[in-house]
Protein chains: 2
Amino acid sequence: MYYINEKEYKCSVAVTLDVFNDRWKLAIIWYLLEKDKRFKELSEDIHEITQKTLTIKLKELEEKNIISRQAFLEIPPRVVYALTPIGKALRPILEEMYLWGKNYVKEHGTIGEMTACEASVVKKCLKL
Amino acid sequence: MYYINEKEYKCSVAVTLDVFNDRWKLAIIWYLLEKDKRFKELSEDIHEITQKTLTIKLKELEEKNIISRQAFLEIPPRVVYALTPIGKALRPILEEMYLWGKNYVKEHGTIGEMTACEASVVKKCLKL
């Protein structure tokens, strides 16, 4: 049995699922696998996300210590988001998910052109 | 870009997330990694699940070709659920999720006794 902040988990797989059970968080994690980024850069990477949602998701990931937020006292102020070591350790899961999804689509769907999003992930984040 | 039944995905990771974005489906998949099972066995493995929910989740996984359902014309009738080859290929993802979750709890939570659920998964399903 596992306990995190009074929440109970029967299995450690459920702990992991809790971290990226929504696609926004997953997207943030993988764009940060590429490199540390500012809010504006993440907002451009995940262009469908609203500023409000991005703020909420970043906050949630920070509370779980998956990402860190560093504010530099410059003018204009600069805030940089980065994966923590445990956040970076999510890479193998994303790589396996990427490969499985690709095989699944080969069998059960249609593959169109590679999107800029995916090309970026494969080249810079997943290192496949 | 990926298309499955008219649904559009920007990245193959999102395809994978769509398969096990709820913990019931994830639980069904990993208990089937152990061996093919009857409805009753799955119902005992995942003892918090209602019969109605289990029926719905099995149906959804069957529609996605993650599991297969074989009915034997015996008396009483026997129905066996098994992972398809692409379903079995989810194993590495679950293994990585298991390991990451365990490390995360070591840093950010408390580990209690290993539940029967987890012991079973680790021994029989994940082959760790």
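Residues numbered from 1 in each chain as written. Chains lettered and ligands numbered in written order. Predicted model: local features only at pLDDT ≥ 70, side-chain atom pairs only at ≥ 80, totals over all residues. Heavy atoms only, no water.

S.K.: So what exactly am I meant to see when it comes to the packing of aromatic side chains here?
M.R.: Centre distance and the angle of the planes are the two values used to describe a pair of aromatic rings. This model, assessed by the stated rule, comprises four aromatic pairs over all chains. Consider the rings of tryptophan 100 of chain A and tyrosine 104 of chain A, whose centres lie 5.0 Å apart with planes at 20 degrees: the pair is stacked. Of this pair, tryptophan 100 of chain A and tyrosine 104 of chain A both sit in helix 6 (residues 91-108), four residues apart, which is roughly one turn of that helix. Comparing tryptophan 100 of chain A with tyrosine 104 of chain A shows no difference in burial state: the two are buried. Seen in terms of ring centroids, tryptophan 30 of chain B and tyrosine 31 of chain B are 6.3 Å apart; in terms of plane orientation they differ by 70 degrees. Their pairing is edge-to-face. Directly above the ring of phenylalanine 72 of chain A sits arginine 78 of chain A, whose terminal nitrogen or CZ lies 4.2 Å from the centroid. (Phe/Tyr/Trp six-rings, centres within 6.5 Å; stacked < 30°, edge-to-face > 60°. Helix = DSSP H or I, 4+ residues; strand = E, 2+ residues; numbered from the N terminus. Buried < 20%, exposed > 50% of the residue type's maximum accessible area, 1.4 Å probe, protein only. Lys NZ or Arg CZ within 6 Å of the ring centre and 35° of its normal.)

S.K.: Even after reading the chapter, I still don't get the packing of helix 2 (residues 23-34) of chain A against helix 1 (residues 12-19) of chain B, so can you show me in this structure?
M.R.: For any two helices packed against each other, one specifies the inter-axial angle together with the distance between the axes. Look at helix 2 of chain A against helix 1 of chain B: their axes get within 11 Å of each other, and the N-to-C directions meet at 145 degrees. Like other packed secondary-structure pairs, helix 2 of chain A and helix 1 of chain B cross with a definite hand, here right-handed. Counting all contacts with helix 2 of chain A, which are made through Arg23, Leu26 and Trp30 of chain A, the residues of helix 1 of chain B involved are Val13, Ala14, Leu17 and Asp18 of chain B. (Axes fitted to C-alpha atoms, helices over the stretch in contact; angles between N-to-C directions. Left-handed = near helix turned anticlockwise from the far one by under 90°. Contact = heavy atoms within 4.5 Å.)

S.K.: What's the story with unusual backbone geometry in this structure? I'm lost.
M.R.: For residues other than glycine, phi is negative in most cases, and the peptide bonds are mostly trans. A cis amide bond links isoleucine 75 of chain A to the next residue, proline 76 of chain A, at an omega of -5 degrees. Take proline 76 of chain A: it is sitting in the loop between strand 4 (67-72) and strand 5 (78-83). One non-glycine residue, asparagine 5 of chain B, adopts positive backbone phi at about 45 degrees.

S.K.: Would you mind going over the packing of helix 1 (residues 12-19) of chain A against helix 6 (residues 91-108) of chain B with me for this structure?
M.R.: The geometry of helix 1 of chain A relative to helix 6 of chain B is characterised by a closest axis approach of 7 Å and an angle of 90 degrees between their N-to-C directions. Classified by the angle between their axes, helix 1 of chain A and helix 6 of chain B sit roughly perpendicular to one another. From helix 1 of chain A, Ser12, Val13, Val15, Thr16, Leu17 and Val19 of chain A reach across to helix 6 of chain B, where they touch Leu94, Met97, Tyr98, Trp100, Gly101, Lys102, Tyr104 and Val105 of chain B. Residue classes in the contact of helix 1 of chain A with helix 6 of chain B are distributed as 10 nonpolar, three polar and one charged. (Parallel < 35°, antiparallel > 145°, perpendicular 65-115°, else oblique. Nonpolar A, V, L, I, M, F, W, Y, C, P; charged D, E, K, R; others polar.)

S.K.: What is the right way to read the confidence of the model for chain A from this model?
M.R.: In regions of low pLDDT, the predicted coordinates are not meant to be interpreted in detail. All names here are of chain A. The pLDDT averaged across chain A works out to 87; a share of 91% of its residues lies at or above 70. By mean pLDDT, the top-scoring element of chain A is strand 3 (residues 37-38) (96), and the lowest-scoring one is helix 7 (residues 116-125) (66). Our summary of model confidence lists the complex with pTM equal to 0.85 and ipTM equal to 0.86. (pLDDT = per-residue confidence, 0-100.)

S.K.: Quick question: what am I supposed to make of the sheet that holds strand 5 (residues 78-83) of chain B here?
M.R.: By way of backbone hydrogen bonds, the strands of a sheet pair with one another, either parallel or antiparallel. All names here are of chain B. With antiparallel pairing, the three strands of this open sheet are ordered in space as 3-5-4. The sheet terminates laterally at strand 3 (37-38) and strand 4 (67-72), the two strands that pair on one side only. Sheet topology note: the strand 3/strand 5 ladder contains two bridges and is antiparallel. When the bridges of strand 5 are listed, lysine 37 appears paired with tyrosine 81. Contacting strand 3, strand 4 and strand 5, helix 2 (residues 23-34) runs over the sheet at an angle of about 95 degrees to strand 5. (Pairing = 2+ DSSP bridges.)

S.K.: Honestly, the pairing of strand 4 of chain A in this entry has me stumped. Any pointers?
M.R.: Strand residues, when the strand is regular, have side chains that alternate between the two faces of the sheet. Of the pairings in the sheet, the one linking strand 4 of chain A to strand 5 of chain A comprises six bridges and is antiparallel in character. Residue pairing in the sheet places serine 68 of chain A in a bridge with alanine 82 of chain A of strand 5 of chain A.

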